[in-house]
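Given next are the chains, with one letter for each unit.
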Amino acid sequence: MDVVSTTEVPVEDGFAFWREVNSKLWVPYDLRCESQSEPGFRAQVGISEFGPVQATLMTTMPHSVHRTPKLIRQADPEVFKLGCLVRGGGMITQDGQRTDFGVGDLILYDTSRPYVAEFTPDAPVSQLLLLRFPRSLLPLPPRELRRLSAVRIPGAQGIGALSSQFLLRLARHMDELSPLDAARLSTLTIDVLTAALANALDVQSAVPSHTQRRAMMAQIHAFVRENLGDPRLTPDAIAAAHHISLRYLHKLFHEEGRTVAGWVRERRLEQCRRDLANPQLGARPIHTIAAQWGFTSPAHFSQAFRSAYGLSPRQFREQCARVRAD
């Protein structure tokens, strides 16, 4: 992930630099900040490319973004932007529709039409995951999509919540992604966005079945990773959280050549293995680490770990310590 920050310039040039970054990174904007004449404005953005989707993680002090008719005439790349707030708060106005949005909420807006977006002054710092992609990339009716401009898609319930979990996790781990990871996430990201927007429009029938399946699996994977430490994370609980039948859940995993319980167990073991190899956690009891990742039985954990890695958890931890000592 490439990172651009106002720390690269003198303090008094922070906001002017940020205005230039915004216009070059996205489309021409008029940025405004009440304190722009005062030194101290700080912001940074991390940039990743997921195929045709540009993902940016912006961390910034309060300011407003104005996309005016004049600026649209200067440059109109015909792209959508979808924001998912990670921290802080915001507001957007487009087509006469004003919407406040909070953490986890999704907001779609069209750069071909005027809008104003603001980061709330009530929060000293806000963070926004912003996805930029061609309008033609979504297999949904353009007239229908226009109805979603500046409409808040709640991140606390339904499909919006599942999509929000996927995007929030993406934001947290963007700096860890390899180019290969980013390439793999390209299709998944579009599938998740398509499913969320189709649900908000109530036009799910317009979404190809393979897109619906891939989007559902991406959301399930994100949900499982967020809840690995919960011992109640069973196939029944996963199916219920996604409003699908247990039979359909098993079918989705079967198509990938996996089982639900097996995939969950693998993810838990990966986390335990990572923690056991971490020297900063060397004093933490093995059973505590296992319990933290959802293993309620130390004996079962030890057996599963040995089966997966060929060593007991204790032997693995000791081996890691010897390697570090050498």
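A quick note: this is a predicted structure, and the numbers were derived from the prediction, not measured.

Draft legend 1. Quick peek at the sheet that holds strand 1 (residues 2-5). Read from one edge to the other, the open sheet built from seven strands follows the order 1-3-4-11-6-9-12, with strand pairing classed as antiparallel. Since the sheet does not close on itself, it has two edges, and those belong to strand 1 and strand 12 (152-153), each with one partner. Relative to strand 9 (residues 106-110), strand 6 (residues 79-87) runs antiparallel, the two sharing five bridges. Bridge pairing in strand 9 links cysteine 84 to leucine 106. In the packing of helix 5 (residues 179-201) onto the sheet, the strands contacted are strand 3 (43-50), strand 4 (53-60), strand 6, strand 9, strand 11 (126-134) and strand 12, and the crossing angle to strand 3 comes to about 100°.

Draft legend 2. Main features of the packing of aromatic side chains. For the structure on display, the rule yields nine aromatic pairs. On the numbers, 6.2 Å between centres and 50° between planes, the contact of phenylalanine 80 with phenylalanine 133 is tilted. Of the two residues, phenylalanine 80 sits in strand 6 while phenylalanine 133 sits in strand 11, which places them 53 residues apart along the sequence. Each member of the pair, phenylalanine 80 together with phenylalanine 133, is buried. On the basis of an interplanar angle of 50° and a centroid distance of 5.0 Å, the ring pair of phenylalanine 295 and phenylalanine 301 is categorised as tilted. In this structure phenylalanine 295 comes out as buried when scored by relative accessible area, which is 7%.

Draft legend 3. Broad picture of helix 9 (residues 260-276). Compared with an ideal rise of 1.5 Å per residue, which puts 17 residues at 24 Å, helix 9 spans 25 Å between its outermost C-alpha atoms and is within 8% of the ideal. Where helix 9 begins, one side-chain oxygen reaches toward the backbone nitrogen of glycine 262, 3.0 Å away; that side chain belongs to threonine 259.

Draft legend 4. Fine view of empty space enclosed by the protein. Scanning the entire structure with this criterion turns up one cavity of 30 Å³ or more. In this structure, the largest cavity encloses a volume near 170 Å³. As for the largest cavity, its lining consists of 18 residues, of which Val65, Tyr109, Ala117, Phe119 and Leu128 are closest to the centre. Listed by contribution, the elements that provide at least two residues to the lining of the largest cavity are strand 6, strand 7 (90-94), strand 9, strand 10 (115-119) and strand 11. Taken together, the residues of the lining of the largest cavity sort by class into 14 nonpolar, two polar and two charged.

Draft legend 5. Quick peek at the pattern of salt bridges. Counting across every chain of the model gives 13 salt bridges. We note a salt bridge from arginine 32 to aspartate 30, for which the minimum N-O separation is 2.9 Å. Here the salt bridges do not stand alone but share partners, grouping Glu256, Arg258, Glu266, Arg267 and Glu270 into one network.

The rules behind these values
Residues numbered from 1 in each chain as written. Predicted model: local features only at pLDDT ≥ 70, side-chain atom pairs only at ≥ 80, totals over all residues. Heavy atoms only, no water. Pairing = 2+ DSSP bridges. Helix = DSSP H or I, 4+ residues; strand = E, 2+ residues; numbered from the N terminus. Contact = heavy atoms within 4.5 Å. Axes fitted to C-alpha atoms, helices over the stretch in contact; angles between N-to-C directions. Phe/Tyr/Trp six-rings, centres within 6.5 Å; stacked < 30°, edge-to-face > 60°. Buried < 20%, exposed > 50% of the residue type's maximum accessible area, 1.4 Å probe, protein only. Expected span 1.5 Å × (residues − 1). Polar contact = N/O pair within 3.5 Å; in protein donor to acceptor, adjacent residues only side chain to side chain. 1 Å grid on protein atoms, 1.4 Å probe; cavity = no way out; pocket = protein on both sides within 12 Å on 5 of 7 lines; lining within 4 Å. Points joined across faces, edges and corners; volume = space filled by probe spheres on them. Nonpolar A, V, L, I, M, F, W, Y, C, P; charged D, E, K, R; others polar. Salt bridge = Lys/Arg side-chain N within 4 Å of Asp/Glu carboxyl O.

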